[in-house]
Amino acid sequence: VVRVCVCVCVCVCCFSFRSFSVSWNDYLLGIADIAGELMRLATTYAGAGDSESPFQILKSLRRLYSSLLPLRVRSKEWRKKMEVVLASMHKIERLCYKLHIKGREYPPHLLKSLLVDKKQHQEDTSSFRGSE
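Not measured: the values here are computed from a predicted model.

Moving on: the nonpolar core. With 24 residues, the main nonpolar core has Ile57, Leu61, Leu68, Trp78, Val85 and Ile92 as its most contacted residues. The element contributing the most residues to this core is helix 2 (residues 24-47), with 10 residues.

It is worth spelling out the packing of helix 3 (residues 53-68) against helix 4 (residues 76-102) at this point. At their nearest, the axes of helix 3 and helix 4 sit 10 Å apart, and the two run at 155° to each other. Classified by the angle their axes make, helix 3 and helix 4 are roughly antiparallel. Between helix 3 and helix 4 lies a crossing whose hand is left-handed. Seen from helix 3, the contacting residues are Pro54, Phe55, Ile57, Leu58, Leu61, Arg62, Tyr65 and Leu68; seen from helix 4, they are Trp78, Met82, Val85, Leu86, Ser88, Met89, Ile92, Glu93, Leu95, Cys96, Leu99 and His100. Here the contact of helix 3 with helix 4 is built from residues that sort into 16 nonpolar, 2 polar and 2 charged.

Attention now goes to the pattern of salt bridges. All told, the structure shown has 3 salt bridges when counted by the stated rule. The salt bridge involving lysine 81 is made with aspartate 33; its shortest N-O contact spans 2.4 Å. Within this pair, whereas lysine 81 is found in helix 4, its partner aspartate 33 is found in helix 2, the two being separated by 48 residues in sequence. Across the pair arginine 40 and glutamate 37 runs a salt bridge, and its minimum N-O distance is 2.9 Å. Linking arginine 40 with glutamate 37, this pair stays in helix 2, spanning 3 residues, or about one helical turn.

What follows concerns the confidence of the model for the protein chain. In regions of low pLDDT, the predicted coordinates are not meant to be interpreted in detail. Looking at the protein chain as a whole, the pLDDT averages 76, with 64% of positions reaching at least 70. Confidence scores differ between elements of the protein chain, with helix 1 (residues 2-14) showing the lowest mean pLDDT of 43 and helix 3 the highest of 93. Across residues 1-12 the pLDDT falls below 50, and counting only partners more than four positions away or on other chains, this stretch makes 6 contacts in the model.

Taken as a whole, this structure holds 1 aromatic pair when the rule is applied. A ring pair is formed by tryptophan 24 and tyrosine 27, whose centres lie 5.8 Å apart and whose planes are at 90°; its orientation type is edge-to-face. Here tyrosine 27 and tryptophan 24 lie together in helix 2, a separation of 3 residues that amounts to about one turn. For tryptophan 24, a relative accessible area of 67% translates into the label exposed.

Right, let's talk about the packing of helix 2 against helix 4 for a bit. Geometrically, a packed helix pair is captured by the angle between its two axes and the distance between the axes. Axis separation between helix 2 and helix 4 bottoms out at 10 Å; the angle between their running directions is 15°. In terms of axis orientation, helix 2 runs roughly parallel to helix 4. The crossing of helix 2 and helix 4 is left-handed. Every residue of helix 4 that contacts helix 2 at Asn25, Leu28, Leu29, Ala32, Asp33, Ala35, Gly36, Leu38, Met39, Ala42, Thr43 and Ala46 is listed here: Glu77, Trp78, Lys81, Val85, Ser88, Lys91, Ile92, Leu95 and Leu99. Of the residues contributing to the contact of helix 2 with helix 4, the split by class is 13 nonpolar, 4 polar and 4 charged.

Residue aspartate 33 is classed as partly exposed on the basis of its relative accessible area, which comes to 41%. Between the C-alpha atoms of aspartate 33 and lysine 81, which are 48 residues apart in sequence, the distance is 7.7 Å.

Locating proline 54 in the fold gives a position in helix 3. In the structure, proline 54 is positioned 15 residues away from methionine 39 in sequence and 8.5 Å away in space, judged by C-alpha atoms.

About the thresholds
Residues numbered from 1 in each chain as written. Predicted model: local features only at pLDDT ≥ 70, side-chain atom pairs only at ≥ 80, totals over all residues. Heavy atoms only, no water. Core = buried A, V, L, I, M, F, W, Y, C linked by side-chain atoms within 4.5 Å. Buried < 20%, exposed > 50% of the residue type's maximum accessible area, 1.4 Å probe, protein only. Helix = DSSP H or I, 4+ residues; strand = E, 2+ residues; numbered from the N terminus. Axes fitted to C-alpha atoms, helices over the stretch in contact; angles between N-to-C directions. Parallel < 35°, antiparallel > 145°, perpendicular 65-115°, else oblique. Left-handed = near helix turned anticlockwise from the far one by under 90°. Contact = heavy atoms within 4.5 Å. Nonpolar A, V, L, I, M, F, W, Y, C, P; charged D, E, K, R; others polar. Salt bridge = Lys/Arg side-chain N within 4 Å of Asp/Glu carboxyl O. pLDDT = per-residue confidence, 0-100. Phe/Tyr/Trp six-rings, centres within 6.5 Å; stacked < 30°, edge-to-face > 60°.

Below, the structure is given as structure tokens:
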């Protein structure tokens with residue numbers, strides 16, 4: 001997670017921008033978007049055989065969620081975004097559960113195939129059948 005943030009900061013510093021303003025609502029929605037990226041990052045690490053990073057990412061996402069939860073933003077977008085943050089956190093929790101339980105039973109090269117959600121597999125196969 002730190003590596004990604006450092007990369008972004010370095011890229012931003014390399015370019016000069018004109019000043020612009022961002023509303024607090026848009027800023028907070030952008031911060032909440034990080035949850036989806038963290039979920040994808042955790043999945044990528046797990047697929048590569050790294051079983052420690054997803055747990056660290058989950059811990060960071062829990063801290064982020066608990067920090068955002070008390071904010072009193074009255075917006076339909078915010079409420080939906082917080083539901084997405086919670087859903088992303090639950091997906092990482094399921095991934096960590098699978099890593100913890102099944103990671104002890106299977107060698108790392110087989111673990112990747114076990115991490116694919118059955119639901120995602122069903123969606124992939126149903127969309128394939130629909131194209132015939």
